[in-house]
Each structure stands twice: as C-alpha cells, then as structure tokens.
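# Summary of the model geometry
Listed below are the residues making up each chain.
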Amino acid sequence: MDFGETSDLWWKTAVVYCLDVQTFMDWNDDGIGDFQGLTERIDYLAGLGVTCLWLMPFYPTTDRDDGYDITDYYGVDARLGHHGDFVELVRTARDRGMRVIVDLVVNHTSDQHPWFLDARSSKDSAYRDFYVWRSDPPPDTSDKVVFPDAEDSIWEYDERTGEYFLHSFYREQPDLDITNPRVRDEIAKVLGFWLELGVAGFRVDAVPSLLDVAGAEPALGEDLDPHDYLRSLRAFLGRRRGDAMLLGEVNLPYEDQVAFFGEGDGDQLTMIFDFMAMQKMYLSLARRDARPLADTLLQRPPLPVHSQWGVFARNHDELTLDKLTDEERHEVFAAFGPEESMQLFGRGIRRRVPPMMEGDPRRIRLVYSLMFSLPGTPVLFFGEEIGMGENLDLEGRMAVRSPMQWSEQENGGFSGAPPDQLKRPPTAGAYGPEHVNVAAQRPDPDSLLSFMRSLVRAYRESPELGWAELHLLEQPHVEVLAHECRWDDRRLLLVHNLGPEPRRVSLQIEGGDGIDLVDVLGEAPCTLDADGTVHVELDGYGFRWLRLSPVGTKRIW
Ligand code: NOJ
Ligand code: CA
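Residues numbered from 1 in each chain as written. Chains lettered and ligands numbered in written order. Predicted model: local features only at pLDDT ≥ 70, side-chain atom pairs only at ≥ 80, totals over all residues. Heavy atoms only, no water.

Attention now moves to the coordination of the calcium ion (ligand 2). By definition of the ideal shapes, four donors in a tetrahedron about a metal sit 109.5 degrees apart, and six donors in an octahedron sit 90 or 180 degrees apart. Around the calcium ion (ligand 2), the donor atoms from the protein are Asp26 (OD), Asn28 (OD1), Asp30 (OD), Ile32 (O) and Asp34 (OD), and they sit 2.3 to 2.4 Å away. The motif formed by the donor residues of the calcium ion (ligand 2), counted along the single chain, is D-x1-N-x1-D-x1-I-x1-D. (Donors = N, O, S within 2.8 Å, 3.2 Å for Na, K, Ca; no water.)

Structure follows, in structure tokens:
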C-alpha cells in the first residue's frame, strides 16, 4: 500500500446514493423535483452517512426514456434549475464531505439532439458519421432488443435518407459511433465540462453497447480497439482530475466483465456494478439457501487493486434476473414477484425490496446487512433507507421511480403542487407516505432509517469491507453465509441467516484464542472458546458483524 492510497482511492469505501432530481424534492412547488430542493436536503443525506451522490440524467431531454435520451449534454433541464443551481448543489455537497457523480449517457443521444437532426437531414451531413447507418435491410435482431415491449429490431429505417440507423435501446435513442474520432472528442469535451463544474466522476451508461462497434464502419479508415478507447477515456479523466472515477454499467458474466476493469492497477472502469451477486442474492433469499450467493462470490475475478465492485440490492431499472437460468428466474419470480404485473420483459421484477420481503422488518434488514457486508462499495437507490415501496400503477420501470416520501403530508411532502401536477404520484396503501416517510422515522431509534444509519456508519468504520477479498468460512448450515474480510491488520466476521429458524453457528477462527470479539452492530455478545471457535447465535433472518481484534491492541469501536 502506497502512502495515502486508502483515502485517495475514496471510491473503495464510499457510500453511493443514487437519485433523480425530478423526484427527490420540489422546492418551487411546480410538481417537479429540482436542484434547489435537493440542495436543501443535503444535510439529510449527510446525516445518513452518504459520501457520494449519483445523479441520474438531469440534462435537457425529450423524456422518452426518463432522461436517458439527451438533447444537450451541456445543459440542465430548465424544469430542474440551471447551471447556477447545479454548482450550488456540488458546492454544498462538498462542504458536507460528499462527492457528486453524474450519469454519462453517450451510447446514444436523443433523436432530437441537434447532431442527429442534422445527421438525418442528408447523407452528406457533417454529422452523418456520428451515428451508425446501414443501407441494406437488416437481419432479424429481435433477440437483441432491450425493451421488447416497444421494439422488435435494433435498426430503424429513416424515410428521408433511405438508410437504417442503429439504436440499442428505443428507436428515439440512435447510437453514437465511437469509431469516429470526432465523436470521441465530443465525448471527452462533455466529461471535461462537468469536471470543471466539480463532479468527481461519472456513472457510465450501457458500457458494453457503447463499446460494441460491430455495426459501425471504422470512420476515416481508423481501426479502434474499444477497450483502448475506454482506457483513453479513463486517462483523460485522470489528467483532468486525478481522483475522478468511472462507475460502469456492465451487466455481463464475470469472465466478460473483467476486461472492463483493465490492466495494471485498473486502467479502464474504476468500479462496476456486481449484477451477478445481486441476482444470486435474490436466488439465495428465495431458496433460503446461501450457497448460490456464496458460489457466485467465489467466482468473482480478482480485481486490479484500484478497482472496485459496486454492490446493490435495487436500482432504478427492473430488478433484472437475466443471468439466472429460466428455472432459477421462475423461483425468484414466485418468491418476490408472483404476479405478472410485478414482472417486466419476462426477465425482471419492478418492485422494491420491502414489498418483496412481505414487509417483514427482519428480512428487509437482512437484505441490507448482506448488501453492505459484501466486499465492495454499496450503492443505495433513493428511498431504500426508509423502506419505500413501488407504485405498480406507474408504467414499466417507472414503478420504482415514484417520488421520495419525506412526510405524511400531501404528496408525501415531496411537493406543494396539486397532486395532479406531480411528475409522478407517490405510491398509495401500506407503503404510502402516511406509513413510510422520513419525518416519522428520523426520531425513532427502531426505524429502518435509524438502522440504515448504523449500517452506513459500521461500513465506514470497517474499511476492510471496501478493500478486502472475501473468505468464506466453513459451517454446516445451508441457510447461513459466514464470511471474513481481512485487510491490513483488520478483520471482520460477518454471519447472515437467510432462513426463518434461529441458528447457532460455530466457526473456527484463525488465531482465535488471541482475539477479542466486538459486536459492531451492537447486538448480544458471542462466545469464543479457548481453541478459537466462535459461537454465534442468530435469530431467524438474523445477522451479526463481529470485529476480530488481537487481544491488547487498540480498540476500533
Ligand atoms: C441503462 C439505464 O439504466 C436505463 O435506465 C436506460 O433506459 C438505458 N441504459 C438506456 O440509456
Ligand atoms: Ca420544482
């Protein structure tokens, strides 16, 4: 470890919180969340212990894909504020020790982006080669579409110029062609711009599609190794701001994902979401059997030392189960999204965690304890900390994007606008704002919010969770996951019971007889035999975080 590495590589132990400005807090009561509202709520996020905000797209958009269809990479959607408001947010966050990263959506633009409008005006357009065109009719690509409810091909015919353009997502999202050096320069400029405004990095949307240049003719005769491109993007970022990071969306099996971290210390994406562990976690929870998750964690490839896994339980899209077998997926559907209205595209679930866990506080806390205990950096989706539910009346993936619930007041305290003016209504019923909101949970020591605060604090006080590799401990109970994270001279033992029955778990600890046990989450003490066996009592769905410190060393909480 080089001097300063542990704090310079801040993403190794960050707590990331993803939110959409338009559904977080509406300060001028027009029904749409805004930068001013978010800035007013920065102290709430600081109180939770968040160290990095990830802002979903807030740029001018035609709103075909909830902001992931951008018409101006340099703008702020006027409904949310302007650049001054953005800078105030970044500055306020920094004052509270929080970094801000923003979504970088450059696999595609909106079809209303000036580049595409120009590109489709004529085959001779100076922007024609910014996109990927073909003149001959495309083959059947229905198996490649991402949104099968809306598309049956990734090619769309353009009447005016008589050619087809590539769109990996909706047809209103034409793919940019990164083999064109002019496109790459434009992308770099976009990064440079937001870095100057103080962002600490980017969540990079749809990285495999961005790098997939198969459909593209190398522009200007240039061959491009897509990973070289990612490498150069990271190098550019590093030159402009040394500690900036790229958090990539790469939903691929581990063996394919690893190329996106790069070589040496890690010279491409800094951090990648662990979609595999997420999916297997739900399989394990559904089966009440820790083995699918444990086996998957053992298959994680070793990471370059500066790289990291982004660990999450829920994000803003459908909870994808696309890496499970059909049978496994149906098991998870049966357990957590049995009705068709709860499923999406036949591959995912459009529910949040608490309803999936039938509102059982033990199971909800188990999910988050597990998530925070897996080696990596936890990434929360707004509202998870208070146990918000989904609104199945909202279309498709929007079910989990209903507004933040601040209080029991009208519109959940999100906005003072008449309810019919809201960007999106809050959910109703058992998870509605009258039952689930920040104001009620803040003073309550037994609330989910208070629990999440302690979990975040425990994670921050345990840098081994960010730096260590996982070691599984042998024990006989299939429903129990027992693992140790060891880094430097620090050791943390984590034990989770995925089943409803209490369990007494005996674990053989290396160097056990010379160790002090400290219960990090403050539950009952455990016993340690003279031969180094720890006996951990777990309730049904119970969990324990135990710090192992050599006897006589300085106490770390
Ligand atoms: C992945 C994002 O997570 C999703 O919300 C979006 O629709 C697609 N990329 C297209 O940008
Ligand atoms: Ca507003």
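Okay, back to it.
Burial within strand 3 (residues 99-104) is extensive, with 5 of its 6 residues counted as buried. Relative to strand 3, strand 2 (residues 52-55) runs parallel, the two sharing 4 bridges. When the bridges of strand 3 are listed, Cys52 appears paired with Arg99. One crossover worth recording links strand 2 to the parallel strand 3 by way of helix 4 (residues 83-95), and it is right-handed. In this structure, strand 3 lies alongside strand 7 (residues 201-204), joined through 3 bridges in parallel fashion. Residue Leu104 lies in a different strand from strand 7, and its bridge partner there is Val204. (Buried < 20%, exposed > 50% of the residue type's maximum accessible area, 1.4 Å probe, protein only. Helix = DSSP H or I, 4+ residues; strand = E, 2+ residues; numbered from the N terminus. Pairing = 2+ DSSP bridges. Right-handed = clockwise from strand over helix to strand, strands pointing away.)

Another aspect to go through is the pattern of salt bridges. For the coordinates displayed, the defined rule picks out 43 salt bridges. Asp65 is the partner of Arg397 in a salt bridge, and the nearest nitrogen-oxygen pair spans 2.8 Å. Placement of the pair is Arg397 in the loop between strand 14 (377-381) and helix 15 (438-441) and Asp65 in the loop between strand 2 and helix 4, with a sequence separation of 332 residues. Residues Arg397 and Asp65 agree in their burial class; the two are buried. Glu156 is paired through a salt bridge with Arg171; the nearest N and O atoms lie 3.9 Å apart. Residue Glu156 is located in strand 5 (residues 155-158), and its partner Arg171 is located in the loop between strand 6 (163-166) and helix 6 (181-196); the two are separated by 15 residues in the primary sequence. Each member of the salt-bridge network shares a partner with another, and the members are Asp65, Asp66, Asp317, Arg397, Arg401 and Arg424. (Salt bridge = Lys/Arg side-chain N within 4 Å of Asp/Glu carboxyl O.)

Attention now moves to the site of ligand 1. Around ligand 1, a shell composed of Asp65, Tyr68, His108, Phe147, Phe169, Arg203, Asp205, Glu249, His316, Asp317, Arg397 and Arg401 is seen. Within the contact set of ligand 1, an oxygen atom lies 3.1 Å away from a side-chain nitrogen or oxygen of His108. Note that an oxygen atom of ligand 1 is positioned 2.8 Å from one of the side-chain N or O atoms of His316. Expressed as a share of its isolated accessible area of 290 Å², the protein-covered part of ligand 1 is 97%. Taken together, the residues of the shell around ligand 1 sort by class into 3 nonpolar, 2 polar and 7 charged. (Near = heavy atom within 4 Å. Polar contact = N/O pair within 3.5 Å; in protein donor to acceptor, adjacent residues only side chain to side chain. Areas by Shrake-Rupley, 256 points an atom, 1.4 Å probe, with all protein chains shown as cover. Nonpolar A, V, L, I, M, F, W, Y, C, P; charged D, E, K, R; others polar.)

Formed by 164 residues in total, the largest nonpolar core has its most connected members in Tyr17, Leu45, Leu55, Phe202 and Tyr282. The greatest single-element share of this core, amounting to 9 residues, is contributed by helix 10 (residues 275-287). Here Leu45 is in contact with Tyr17, Leu19, Phe24, Leu38, Val50, Leu53 and Met98, once residues within four sequence places are set aside. Grouped together as the second largest cluster of nonpolar side chains are 15 residues, Val480, Ile515, Val534 and Leu548 included. (Core = buried A, V, L, I, M, F, W, Y, C linked by side-chain atoms within 4.5 Å. Contact = heavy atoms within 4.5 Å.)

Turning next to the sheet that holds strand 22 (residues 543-550). Spatially, the 5 strands line up as an open sheet ordered 15-16-17-22-19, and their pairing is antiparallel. Both edges of this open sheet fall to strand 15 (470-472) and strand 19 (515-519), since each of them pairs with a single strand only. In this sheet, adjacent strand axes meet at a mean angle of 25° when their direction is disregarded. Note: strand 16 (residues 480-487) against strand 17 (residues 490-497), 8 bridges, orientation antiparallel. Bridging across to strand 17, Ala482 finds its partner in Val495. Along the sheet face, helix 11 (residues 291-299) touches strand 15 and strand 16 and points at about 135° away from the line of strand 15. (Axes fitted to C-alpha atoms, helices over the stretch in contact; angles between N-to-C directions.)

Moving on, we come to the domain arrangement of the protein. Under the domain assignment, the protein is made up of domain 1 (3-107 + 178-460), domain 2 (114-166) and domain 3 (469-550). Each partner contributes residues to the interface: domain 1 has 13 residues there, and domain 2 has 13 residues. Overall, the association of domain 1 and domain 2 removes approximately 1,100 Å² of surface from exposure, summing both partners, and the carbon and sulfur fraction of that is 63%. By the criterion of area lost to domain 2, the three top residues of domain 1 are Arg182, Glu186 and Phe345, representing 36% of everything that side buries. (Domains from an automatic or database assignment. Buried area = accessible area lost by both parts, 1.4 Å probe.)

Applying the stated criterion across every chain yields a total of 0 disulfides. No disulfide involves Cys18; its sulfur sits 10 Å from that of Cys52, the nearest cysteine. Look at Cys18 and you get buried, because its relative accessible area is 1%. Not engaged in a disulfide, the cysteine Cys485 finds its nearest cysteine sulfur in Cys526; these two sulfurs lie 17 Å apart. Taking the relative accessible area as the measure of exposure, Cys485 reaches 0% and is therefore buried. (Disulfide = S-S within 2.5 Å.)

This next bit is on the side chain of Glu464. Structurally, Glu464 can be placed in helix 17 (residues 464-467). You can call Glu464 buried: its relative accessible area is 0%. When near neighbours in sequence (up to four residues on either side) are disregarded, Glu464 contacts Cys485, Trp487, Arg490, Arg491, Leu492 and Arg547.

The subject of this paragraph is the packing of aromatic side chains. Inspection of the entire model under this criterion finds 36 aromatic pairs. Ring centres 5.4 Å apart and planes at 85° place the aromatic pair Phe35 and Phe58 in the edge-to-face group. With a gap of 23 residues between them, Phe35 in helix 2 (residues 35-40) and Phe58 in the loop between strand 2 and helix 4 connect regions that are remote in the sequence. Each of the two residues, Phe35 as well as Phe58, counts as buried. (Phe/Tyr/Trp six-rings, centres within 6.5 Å; stacked < 30°, edge-to-face > 60°.)

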